[in-house]
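Next come the chains, spelled out residue by residue.
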Amino acid sequence: LYCIVCVCLYCIVCVCLYCIVCVFVQVRTTGVSVSTEEIIRYSKLFEDDLTLDSLTHKELQPMCRMLMMPAFGPDRVLRMNLRIKLQSLENDDKLIRKEGIDSLSVKELQQACQARGMRAIGMPEDRIKAQLEQWLDLHLDKQLPTSLLLLSRLLYLPESLPPEEVLKQTISKLPDATVEGVQIQNKEE
């Protein structure tokens, strides 16, 4: 019985990995439509450390610049600074959610959006609130990794795209090492 359970668990893991590979192949190469649920479910697999570790120096630098951080130094320093910033953003997101977006002044809303790589200056207050609420929904409620959300902000995509389409485009631009890392990490679990 123990062997049958082990084999079944192994098969479930293999099927899950196969599903991950299929979704990423669809997103990255074929242009075939992937459901919103699949995009959200598999986007969660791109943990911050895994994503940051797979980025090259030329990919880390724009992320640092977008977050108004120094973009020079060795990769390990850039990654360490980004990890600290990501943790800070996560703590800030929880605090904003706890206190409510409506408790923020326009200046604080602008700063919060800019800290997350979003446009905010010269935009109406309701639009700033809406994009911050969308960020909080994706990050805290749907539990998408901060690094993936930030990378989606680096792409020059129309603002009218739904968040799922933005995530799809972001995943399609990730380095192969990131996708391979997700596959390896989930195989080990």
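Residues numbered from 1 in each chain as written. Predicted model: local features only at pLDDT ≥ 70, side-chain atom pairs only at ≥ 80, totals over all residues. Heavy atoms only, no water.

Before going further, it helps to spend a moment on helix α6 (residues 106–115). Looking only at α6, the buried set comprises Leu-109, Gln-110, Ala-112, Cys-113 and Ala-115. Each element contacted by the buried residues of α6 is listed here: α5 (75–99) and α7 (125–141). Downstream of α6 by a residue or two, Gly-117 has a phi angle that is positive, lying close to 80°. (Buried < 20%, exposed > 50% of the residue type's maximum accessible area, 1.4 Å probe, protein only. Helix = DSSP H or I, 4+ residues; strand = E, 2+ residues; numbered from the N terminus. Contact = heavy atoms within 4.5 Å.)

Within the fold, Met-69 resides in the loop between α4 (57–66) and α5. According to the relative accessible area criterion, Met-69 is buried, its value standing at 13%. As a C-alpha pair, Met-69 and Leu-82 span 13 residues in sequence and 8.5 Å in three-dimensional space.

Counted according to the given criterion, the structure contains 9 salt bridges. In this structure, Lys-129 and Asp-102 form a salt bridge, with 3.1 Å as the shortest nitrogen-oxygen distance. Here the residue Lys-129 occupies a position in helix α7, and Asp-102 occupies one in the loop between α5 and α6, the gap between them amounting to 27 residues. Of the charged contacts in the structure, one is a salt bridge between Glu-125 and Lys-129, with a shortest N-O distance of 3.5 Å. Here Lys-129 and Glu-125 lie together in helix α7, a separation of 4 residues that amounts to about one turn. (Salt bridge = Lys/Arg side-chain N within 4 Å of Asp/Glu carboxyl O.)

Atomic detail in the predicted coordinates should be set aside for any region of low pLDDT. Confidence in the prediction of the protein chain, expressed as mean pLDDT, is 74, and 58% of residues score 70 or more. Below pLDDT 50 for its whole length, residues 1–21 participates in 11 contacts with residues either more than four positions away or in separate chains. (pLDDT = per-residue confidence, 0-100.)

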